[in-house]
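Observations on the model geometry
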Amino acid sequence: MSRVPADDALLGRGRPELGRADIAFAVNGAAVSVNVPPLRRLSSVLRDELRLTGTKVGCDAGDCGACTVLVDGAPVCACLMPAASVSGAAVTTVEGLANGRLSALQASFLAHGAAQCGICTPALLVAATALLEKAPTPTEIEVQDALGGILCRCTGYRKIIAAVMEAGRYELAMSGAAPHPPAGTFSPLNGEKGEAIGLDRRMPLSGNAVGSSPVRLDGIPKVTGDEKFGGDSFPADALAVLVIRSPHYHARFAFGHLDRWVKAHPGIAGVFTAADIPGKNCFGVIGPFADQPALAEGFARLRGEAVALVAGEREAMLDLDLSDFPIRWSELPHFLHPAEAKAEGAALIHESRPANLLTKGFVERGDPEAALADAAITVTGAIETSYVEHAYIEPEAGHAYLDGDTLVIVACTQAPYMDRDDTAKVLGLAVDKVRIVPTATGGGFGSKLDVSLQPLIGLVALKTGRPAALAYTRNESMMSTTKRHPAEMKATIGASADGLVTGMVFAGDFNTGAYASWGPTVANRVPVHASGPYATPNYRAEGRAIHTHGPISGAFRGFGVPQATIMQETLYDELAGKLGKDRLDFRLKNCLRNGSETVTGQRLDSGVGIAECLEALRPHWARATADADAFNHIHADTKRGAGVASCWYGCGNTSLPNPSTIRVGIAADGVVVLHQGAVDIGQGSNTVITQICADALGLPLETFRLRSADTAISPDAGKTSASRQTFVTGKAAEKAGRALRDKILRFANVSERASLRLDGPAIVIHEGEATRHIDLAALDTDADGFVFRAEETYDPPTLPLDAKGQGKPYAVYGYGAQIAELEVDLKLGTVKLLKITAAHDVGKAINPLLVEGQIEGGIAQGIGMALMEEYIPGRTENLHDYLIPTIGDVPDIKTILVEVPDPEGPFGAKGLGEHVLIPTAPAILNAIRHATGVLVTKVPATPSRILAAIRDKEARA
C-alpha cells in the first residue's frame, strides 16, 4: 500500500520529481544554492540539503505548523512551499534568530518555561519574531492570531503567550537600556549562544536548588534549534526505510515475487518480512502478555499493522511508488467494539484469550450491595469515552547502525532499557549487543513507551550492514501507534442522608485493541482509583481489557483513570444535587485524610492533600458559582456553568517492582557528573532530578554536567511514565547525592555538618573555623574518570494486591482538584471556556515553574478529551481531521500549588504528570450540566452531542 498522503503528490512526493534545477536563495543572511527538483518541499531542502534541522516536520500537510519559517519576513509552512518558490528570496529559520547571541524572544521563552519538549518551539519562535517586528507589544489576541496555526501538545500555550507578550522586557534588559528583569526570570551572564546562561538568581550559588525555578538545564538547545530529535541526525549514507502496512482491520496476506520487484526498482536495497527476523517475532511492554509481532506473519489483526519493510537509497525512496508492491490481501471479518468481541461465538483475536478478554482487575471491600440497599440516596449512570490520539508533534523517528558487533539505535523513546530488551529479543541478539541512544523526544505522553520502529530499523541495519533510517509520516504514526482506551462504564454510588458516601459499584470495559500493550495496567489501575480520592467503605470495581480489531490502546497520561474519574465525578455531582448540598462541600465531607483507608485497605498515615486542594478552591468556587448565577439571570440563549472535580493518582507501577538507579561522581577537574537516565520528554526530569541531587550533595547546580539516558553509559532509571520520575528517580538521586556527600565527608574526616565547595580541581570543606582542601587531581580516578562516586537504587515499598484487590499498590499518591468555568450556546451547542482553576498537591514543588507548565499542559489535553478529541479509525488519521486544542482553545489558567509533603518522596515531593489531566474533563462536563441541566454521556461533548442532550431533555419535559 502507498504510505503517502494524496496531497503529497502536489509537491512531488510519491512520483518522479521531474528533474533537477539550481535554486539560489538566502538562508539566515547567507547565500546558498541547491540542485534539487523544483517541486521538492522547502522543509526537505532545509533539513536534508542544508542540515538546518531546527525546522521540524510534524505532518507534511500544513496542519501542525512545526515547519514554519520566514520567507521575506512572512511566516510560511515550509512543507507546503516548493523549493522553486523561494528562488531569490530570503529565508529565516530558527537557527538565524540568535546570531551568536540569544534573541530577547528566545530569552523570554527560557524564562517563562515556554519550551517543554521543544519540538514546536522553533516554529513558535519564528512566527512570534515576525509578529514582534510589526507589533513590539502585542496583545493576547494578536499573539493567538499570529501563532494560531502552530500546534503544541505539551505546554497548554499559556506560557508561550506570556513569553511573547513580555519579550520586550528582555529586549530592553539585554540592550542595556533598562535594568535586568527581576529575580525569578531569565538572568543572562553574557548571552552567548550555548552558554549556561539561565540560573535563576532566586537560587543561591551555595545550594537550595529545590524550590527554585532555574532555567531548564536543557533549555538553550530547544530555543536555538540545536536540539536533536529522532529525525534530525540521520547519517548521510543511511538507507531510507518504508513500511508496508495493512489497509484492513483484519486480513490474510501473501507476498508475490519480492526479489523480482526489487530488481525492477533501481536504488532499492531489499525487502524484509517476518521471515527475515532472526529472533522471536513478538514484543510487548509487559512480558507475560507480550503478543505483538514486529512484522505480521500471514495475517494482520489491525489497520496499519506493519507487514514488510522496503529499504533503499534516499533519492530512490523519495520517488518510489508502492502501488505495484507484490502483496495480495484477503479481507476477513472484523469487530471494533467490545460488545461485538464479547458476543457468544465471536471469533478469537488471540486463541489463548477466551471471550477476547485480555485480563481484568478487581477490587472489593466491605459489602457494597448491602450499603447501596441501605443508602438514603443512590445514583446510577453510564459513560462512554472515545479513542484519544496522543498527537505528539514529533512522529516516531530514528536510525540504526552497527558499531562493531553492537547494534546502536538512535531514536525517540520514553523507555530505553525496555526498547533494548524487546529489540534484542526480536533480533536474536544478546541485550549487551544492543545499545539504545535516546534522542530528544518531541512529546510522548505514554505512546513512546512501546517499541515502534526500533526493531524495524535494527533489522535492516543487521541484514544490510548499512545504517538505516525511518521517520513515520503523520498518517502512519496515527494509524499504527497506541491510543487512549475507549471505555464503556457503569457505576452506582450511595450516600447517607447526612451526605456520607456509603457504597459504590463500578464496572468498565476498556477497548484494548488488537494487542496487549498496556491493557493489563489499565485494567488493574482503574479499580484501585475508580472511587476517586474519597472514603468509600463498601466498594466493588472491575476493569476489563477487551480485544478488538481496533487500534492498539496503550498508555496515555493516566492509564484509564481519567475515564473512570469522569464516571465517578459526574455521579458525585448528581449525588450532591439530590442531597441538596454544595458540590464542593460534598467532596470535602467525603475526601480522604491522614489516617483514612483506601478501597484497597491501605492506611494513609500522612501526606494526604486532597482536602487542602479543595479548601484552596473554596473562594474561587464561591466566585465562579455566583458569577454563573448572575450571568444566567440575564441571558437566555447562552448559559454559564461552573464545575468541580477531584483526582488522586498512585505514582509508579501498581504493586510491582519499580526501581530507578542514579550514578553521580566528581571528576578530577572538579565537575560533578550526573548519569541521569530518566528520559526527559518535556516534563523537566533533566532539571528536576539534578536539582534534587544538587541539594542532597550540597553543591550548586551549575557544577553539574549531565550524561543523559543511554543504555551503554547510564544506569537504568526506569521508564518515563506513571508519574514516577520525580518521585522514584528523584529519590534515587537524593540517595546518590547523600551517599556521595557522605563519602567525601568521611574521606576528609569531618562531620555531616560540614559544607562543601568546589574550587577548580579541588573540594573545599568548611566546618566551623576549620577549612580543608581535597586536591582532586592528586587522587586516583576510576574507569569513568571519577575520584569520588556513588550509585544508588530506589524501589518504592509496595505490597501485592490479593484476590479482592486488598494491599498497598502505591507508596505515594498525588492529589488535585479543578474548577472549570464556561458558557454554552443553547442554540449551537458550542462551549466557550472561560477559566480553569487548578489546585494540585505536589508534596514539594521541586521546580515551581516546571510544575505550572505540567499543570497547564495537562489541562490542555483534558480540554481536548472533554470537548473535541475523538480518534475514528480510518477517518481521523491526520491533524486536520483529528482536532487537538489550539492556542485559542485554552483559557486563562489559575494554578495553586499545594505542598503537603510525603515522607517517602524526595524532599517530600510527589509525582504530577498524569494527575493534572484527570480532573479537567469531568469538571468541564459538570460545568456543562450546571449550565444546561444535561449531562453528555458520550465523550467528547461535541456541539452535536450537547444539542442532542438538550433536545432530549426538552422532549421529556
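The numbers attached to residues start from 1 for each chain and follow its sequence in the written order. The predicted origin of the model limits local features to residues at a pLDDT of at least 70 and limits the giving and counting of side-chain atom pairs to 80 or more, whereas totals for whole chains, interfaces and linings rest on all residues. Each side-chain value is worked out from all heavy atoms of the structure, with water and hydrogens disregarded.

Attention now moves to helix α5 (residues 158–165). Along α5, 6 of the 8 residues are buried, which leaves the element largely enclosed by surrounding structure. The cut-offs for exposure are 20% and 50% of the maximum accessible area for each residue type, with area from a 1.4 Å probe on protein chains only; residues under the lower value are buried, those over the upper are exposed, and the others partly exposed. Going along the chain from the N terminus, every DSSP run of H or I of four or more residues is numbered as a helix, and every run of E of two or more is numbered as a strand. Of all the residues in α5, the buried ones are Arg158, Lys159, Ile160, Ile161, Ala163 and Val164.

Membership of the largest hydrophobic core comes to 155 residues, with the highest contact counts inside it found for Phe109, Leu147, Val164, Phe506 and Ile924. Every residue pair with non-hydrogen atoms within 4.5 Å of one another is taken to be in contact. In contact with Ile924, other than residues within four places in its own chain, are Ala820, Leu822, Leu833, Ile863, Ala866 and Leu867. Buried Ala, Val, Leu, Ile, Met, Phe, Trp, Tyr and Cys residues that are joined via side-chain atoms within 4.5 Å together make up what is termed a nonpolar core.

This paragraph deals with the sheet that holds strand β5 (residues 90–92). Pairing between strands requires that DSSP locate at least two bridges from one strand to the other. Spatially, β2-β1-β5-β3-β4 is the arrangement adopted by the 5 strands of the open sheet, whose pairing is mixed. In this open sheet, the two strands that pair with only one neighbour each are β2 (30–36) and β4 (74–77). Pairs of neighbouring strands in the sheet enclose a mean axial angle of 40°, with direction left out of account. Inspection of the sheet shows strand β1 (residues 21–27) paired to β5 by 2 bridges, in the parallel sense. Opposite Ala26, over in β5, you have Ala90 as the bridge partner. To get an axis, a line is fitted to the C-alpha atoms, and for a helix only the part in contact is used. The angle between two axes follows their N-to-C directions and goes from 0 to 180 degrees. Here helix α1 (residues 42–49) sits on the sheet and contacts β1, β2, β3 (68–71) and β5; the angle it forms with β2, its principal contact strand, is near 105°. Helix α3 (residues 121–134) contacts β3, β4 and β5 of the sheet and is inclined by roughly 35° relative to β3.

Tracing the backbone through its elements, the reader meets Gly805 in the loop between β30 (786–794) and β31 (813–825). C-alpha of Gly805 to C-alpha of Val599: the two residues are 206 residues apart in sequence and 8.5 Å apart in space. For Gly805, the contacting residues outside a window of four places in its chain are Phe362, Val363 and Thr600.

Glancing now at the sheet that holds strand β32 (residues 831–841). An order of β23-β31-β32-β33 is seen for the 4 strands of this open sheet, with the pairing classed as mixed. The open sheet terminates on both sides in strands that have one partner only, identified here as β23 (638–650) and β33 (892–898). Neighbour-to-neighbour, the strand axes of the sheet open up by a mean angle of 15°, direction not taken into account. Bridge count for β32 against β33 is 7 bridges, and the pairing is parallel.

Its place among the elements puts Asn632 in helix α18 (residues 610–634). Sequence-distant contacts of Asn632, defined by excluding residues within four places in its chain, comprise Thr638, Lys639 and Arg640.

The subject of this paragraph is the pattern of salt bridges. Think of a salt bridge as a Lys or Arg side-chain nitrogen and an Asp or Glu carboxyl oxygen that are within 4 Å of each other. Overall, the coordinates contain 56 salt bridges when judged by the stated rule. Between Glu315 and Arg40 there is a salt bridge, with its nearest N and O atoms 3.0 Å apart. Here Arg40 lies in the loop between β2 and α1 and Glu315 lies in helix α9 (residues 314–318), a separation of 275 residues in the sequence. For Arg40, a relative accessible area of 3% gives the class buried.

A separate point is the confidence of the model for the protein. The pLDDT score gives, residue by residue, the confidence of the prediction method on a 0 to 100 scale. Residues of the protein with pLDDT of at least 70 account for 94%, and the chain-wide mean is 93. Note on residues 1–15: pLDDT under 50 across the span, and 39 contacts to partners over four residues away in sequence or across chains. Note that residues 176–206 has pLDDT below 50 and, in this model, 64 contacts with residues that lie over four places away or in other chains.

On to the environment of Asn686, then. Of note, Asn686 is situated in helix α19 (residues 685–697). When neighbours within four sequence positions are excluded, Asn686 is seen to be in contact with Leu217, Asp218, Gln676, Ala678, Asp680, Leu706 and Ser708. Throughout this description, a polar contact denotes any pair of N or O atoms lying within 3.5 Å of each other; where both atoms belong to protein, one of them has to be capable of donating a hydrogen while the other can accept it, and for residues adjacent in sequence the pair is counted only when both atoms sit in side chains. Only 3.1 Å separates the side chain of Asn686 from the side chain of Asp218, close enough to count as a polar contact.

A few words now on the state of the cysteines. Note that a disulfide, as used here, is simply two cysteine sulfur atoms within 2.5 Å. Scanning all chains against the criterion turns up 0 disulfides. There is no disulfide at Cys77, and the cysteine sulfur nearest it, in Cys67, is 4.4 Å away.

Let us look at the packing of aromatic side chains. Any Phe, Tyr or Trp ring, taking Trp's six-membered ring, that has another such ring centre within 6.5 Å forms a pair; planes under 30 degrees apart are called stacked, those over 60 apart edge-to-face, and the others tilted. Inspection of the entire model under this criterion finds 13 aromatic pairs. The interplanar angle of 50° and the centroid separation of 5.3 Å between the aromatic rings of Phe253 and Trp329 together place this pair among those described as tilted. Here Phe253, found in strand β7 (residues 251–255), pairs with Trp329, found in strand β11 (residues 327–331); they are 76 residues apart in sequence, far enough to count as distant. For Phe253, a relative accessible area of 9% translates into the label buried. Both rings, one in Phe255 and one in Phe325, keep their centres 6.5 Å apart while their planes meet at 90°; by these two values the pair is edge-to-face. Linking Phe255 in strand β7 with Phe325 in the loop between α9 and β11, this pair joins segments that are 70 residues apart in sequence. Given the relative accessible area of 24%, Phe255 is considered partly exposed. Through a chain of ring-to-ring contacts, three or more aromatic side chains come together here, namely Phe253, Phe255, Trp261, Phe325 and Trp329.

Our focus in this paragraph is helix α12 (residues 416–427). Given the number of residues in a helix, its expected span is that number minus one, multiplied by 1.5 Å. Between the first and last C-alpha of α12 there are 16 Å, a value that for 12 residues agrees with the 16 Å anticipated at 1.5 Å per step. Taken together, the buried positions of α12 are Pro416, Tyr417, Asp419, Arg420, Asp422, Thr423, Ala424, Val426 and Leu427. Along its buried surface, α12 packs onto β16 (406–411), β17 (434–438) and α13 (454–464). Positive phi shows up at Gly428, right after α12, with a value of about 70°.

What follows concerns the environment of Ile859. In this structure, Ile859 sits in helix α21 (residues 848–867). Classification of Ile859 by relative accessible area gives buried; the value is 0%. Measuring from C-alpha to C-alpha, the distance between Ile859 and Trp261 comes to 50 Å, with 598 residues separating the pair along the chain. Those residues within four positions of Ile859 in sequence are excluded, and the remaining contacts are Gln818, Ile836, Ala838, Ile893, Val916 and Thr920.

Running from N to C, helix α2 (residues 104–112) and α5 point in directions that differ by 140°, and their axes come no closer than 8 Å. On the basis of the axis angle, α2 is oblique to α5. Where α2 crosses over α5, the handedness of that crossing is right-handed. Note on element contacts: α5 touches α2 through Lys159, Ile160, Ala162, Ala163 and Val164, opposite Leu105, Ser108, Phe109 and His112. By the definition adopted for this analysis, an angle is roughly parallel if under 35 degrees, roughly antiparallel if over 145, roughly perpendicular if from 65 to 115, and oblique otherwise. Throughout, a crossing is termed right-handed when the near helix is turned clockwise from the far one, and left-handed when it is turned anticlockwise from it by less than a right angle.

This paragraph deals with the side chain of Asp573. Structurally, Asp573 is set in helix α16 (residues 561–579). Every residue in contact with Asp573, bar those within four places of it in the chain, is listed here: Arg583, Arg587, Val644, Asn926 and Arg929.

Right, let's get into unusual backbone geometry. Cis rather than trans, the peptide bond between Val939 and Pro940 has omega equal to 15°. Along the polypeptide, Pro940 turns up in the loop between α22 (920–932) and α23 (943–956). Phi is positive for Phe445, which is not a glycine, with a value near 60°. Among the secondary structure elements, Phe445 is positioned in the loop between β17 and α13. A positive phi is found at Phe907, a non-glycine position, where the angle reads about 55°. Structurally, the position occupied by Phe907 is in the loop between β33 and α22. Accessibility expressed as a relative area gives 30% for Phe907, which makes it partly exposed.

What follows deals with the packing of helix α4 (residues 140–147) against α5. Relative orientation of the contacting elements α4 and α5 amounts to 110°, with a least axis distance of 10 Å. Comparing their axes, α5 and α4 come out roughly perpendicular. Between α4 and α5 lies a crossing whose hand is right-handed. Contact residues: α4 offers Glu140, Val143, Gln144 and Leu147, while α5 offers Arg158, Ile160, Ile161, Val164 and Met165. Any residue outside Ala, Val, Leu, Ile, Met, Phe, Trp, Tyr, Cys, Pro, Asp, Glu, Lys and Arg is labelled polar, Gly included; the first ten of those are nonpolar and the last four are charged. Of the residues that constitute the contact of α4 with α5, the class distribution is 6 nonpolar, 1 polar and 2 charged.

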